[in-house]
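# Results of the structural survey
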Amino acid sequence: MSLSIVQGFTKSLAMTVLSEIGDKTFFAAAILAMRHPRRLVLSGCLTALIVMTILSAVVGWAAPNLVSRKWTHHVTTLLFLGFGLWSLWDVFKGEGEAEELAEVEAKLDADWKASNGSTKDRSKADDDLKKERRQLLTQFFSPIFLKAFSITFFGEWGDKSQLATIGLAADENPFGVVLGGILGQALCTTAAVLGGKSLASQISEKFVAFSGGVLFIIFGIQSFLSTV
């Protein structure tokens, strides 16, 4: 494995873990896993995150082919520094994780009640039919899988971690970025699904945000120094 792949892998892994732990999609996966089969929630969330990581890396890889590498490098440097200061500002403002967890839980509670209300009057025959063993393809495209996928995918779209992955893939080996990103997403999502709300509520988002902000700034300084 070449040095460029290892460097892209380690940077992507560290960035992904510190960006995703305590994120809204992390809380959503934890709460969904309490109400639905874990394997469906985990597969839905992971599929969405893998697709998002690959798409982001492809965009980052293509950017230097559309714009000069010098400019993409400068933009990446500014992105890292900007995201680092943004994360540190969130810590300084003191917005706690309790509010974010409550916000995600309230939204999912509303969806849960609406879903239960629409299925309350279904017949016993229909309920028995649902309990039968489903085929693998049916499970893959089950409403629970699609719900976990859509919540995660659209929750990550335009998020700080997605933009950072694009910038990282433009500056580092995209294959290493994809591998590190997927491993980081798998670790965080598995922890959220297995740990549930109890784990999510014990995570100090301020500490994670501070660590992520410092890491982003380090990446930005390193990127800047490589042009000097």
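Bear in mind the structure is a predicted one, so any value in this text is a computation, not a measurement. (Residues numbered from 1 in each chain as written. Predicted model: local features only at pLDDT ≥ 70, side-chain atom pairs only at ≥ 80, totals over all residues. Heavy atoms only, no water.)

Moving on to the overall build of the protein chain. Along the backbone of the protein chain there are 11 helices and zero strands. Across the protein chain, helices and strands are ordered from the amino to the carboxyl terminus as α-α-α-α-α-α-α-α-α-α-α. Residue burial in the protein chain is summarised as follows: out of 228 residues, 39% are buried. For the protein chain, restricting intrachain contacts to residue pairs at least 6 apart in sequence, the fraction spanning at least 24 positions comes to 94%. (Helix = DSSP H or I, 4+ residues; strand = E, 2+ residues; numbered from the N terminus. Buried < 20%, exposed > 50% of the residue type's maximum accessible area, 1.4 Å probe, protein only. Contact = heavy atoms within 4.5 Å.)

This part covers helix α8 (residues 143-156). Taking 1.5 Å per residue as the helical rise, α8 with its 14 residues ought to reach 20 Å, and the 20 Å between its terminal C-alpha atoms agrees with that figure. Taken together, the buried positions of α8 are occupied by F145, A148, T152, F153 and E156. All buried residues of α8 fall inside an arc of 115 degrees around its axis, so they share one side. Exposed residues lying more than 90 degrees from the buried face of α8 are P143 and F154. Two residues or fewer after α8 comes G158, characterised by a positive phi angle close to 80 degrees. (Expected span 1.5 Å × (residues − 1). Arc of directions from axis to C-beta.)

Inspection of the secondary structure puts V58 in helix α3 (residues 38-66). Here V58 falls in the partly exposed class, since its relative accessible area comes to 44%.

How two aromatic rings sit relative to each other is set out by the distance from centre to centre and by the angle between their planes. If you walk through the whole model with that rule in mind, you get six aromatic pairs. Where F80 meets F216, the ring centres are 6.3 Å apart and the plane angle is 25 degrees; that geometry is what we call stacked. Of this pair, F80 sits in helix α4 (residues 69-93) while F216 sits in helix α11 (residues 205-225), placing them 136 residues apart in sequence. Each member of the pair, F80 as well as F216, carries the same accessibility label: buried. Measuring from ring centre to ring centre gives 5.5 Å for F153 and F154, while their planes differ by 85 degrees; the resulting arrangement is edge-to-face. Of the aromatic side chains, those joined through ring pairs into one cluster are F145, F149, F153, F154 and W157. When the ring centre of F219 is taken as reference, the NZ or CZ atom of K11 above it lies at 5.2 Å. (Phe/Tyr/Trp six-rings, centres within 6.5 Å; stacked < 30°, edge-to-face > 60°. Lys NZ or Arg CZ within 6 Å of the ring centre and 35° of its normal.)

Two quantities define a packed helix pair, namely the angle between the axes and the distance from one axis to the other. For the pair helix α1 (residues 3-20) and helix α9 (residues 160-171), the least separation of the axes is 10 Å and the interaxial angle reads 170 degrees. In terms of their interaxial angle, α1 and α9 are classed as roughly antiparallel. Between α1 and α9, the contacting residues are G8, K11, S12, M15, S19 and E20 on the first element and S161, A164, T165 and L168 on the second. (Axes fitted to C-alpha atoms, helices over the stretch in contact; angles between N-to-C directions. Parallel < 35°, antiparallel > 145°, perpendicular 65-115°, else oblique.)

Right, let's get into the packing of α3 against α8. Interaxial distance between α3 and α8 falls to 7 Å at its minimum, and their mutual angle equals 35 degrees. Where α3 crosses over α8, the two elements pack in a sense that is right-handed. Between α3 and α8, the residues in contact are L40, V41, S43, G44, C45, T47, A48, L49, V51, M52 and L55 and I144, F145, A148, F149, T152, F153 and E156, respectively. Of the residues assigned to the contact of α3 with α8, the class counts are 13 nonpolar, four polar and one charged. (Left-handed = near helix turned anticlockwise from the far one by under 90°. Nonpolar A, V, L, I, M, F, W, Y, C, P; charged D, E, K, R; others polar.)

Let us now look at the confidence of the model for the protein chain. Residues at a pLDDT of 70 or more form 73% of the protein chain, whose mean pLDDT is 76. When the elements of the protein chain are averaged for pLDDT, helix α6 (residues 124-131) gives the smallest value, 46, and α3 the largest, 88. When the criterion is pLDDT under 50, residues 118-129 qualifies, and its contacts beyond four places in sequence or with other chains add up to two contacts. (pLDDT = per-residue confidence, 0-100.)

Attention now goes to the environment of G176. Checked against the element boundaries, G176 lands in helix α10 (residues 174-202). With relative accessibility at 0%, the residue G176 sits in the buried group. When the C-alpha positions of G176 and S12 are compared, they lie 7.7 Å apart, and in sequence the two are 164 residues distant. Apart from the residues lying within four places of it in its own chain, the contact partners of G176 are I5, G8, F9 and S12.

By the definition in use, this model includes two cavities of 30 Å³ or more. Of the volumes computed, that of the largest cavity is approximately 90 Å³. What lines the largest cavity is a set of 15 residues, among which T53, S161, Q162, T165 and Q185 lie closest to the centre. Contributing elements (two or more residues each) for the lining of the largest cavity: α1, α3, α9 and α10. Classifying every residue of the lining of the largest cavity gives four nonpolar, nine polar and two charged. As a volume, the second largest cavity reaches approximately 70 Å³. (1 Å grid on protein atoms, 1.4 Å probe; cavity = no way out; pocket = protein on both sides within 12 Å on 5 of 7 lines; lining within 4 Å. Points joined across faces, edges and corners; volume = space filled by probe spheres on them.)

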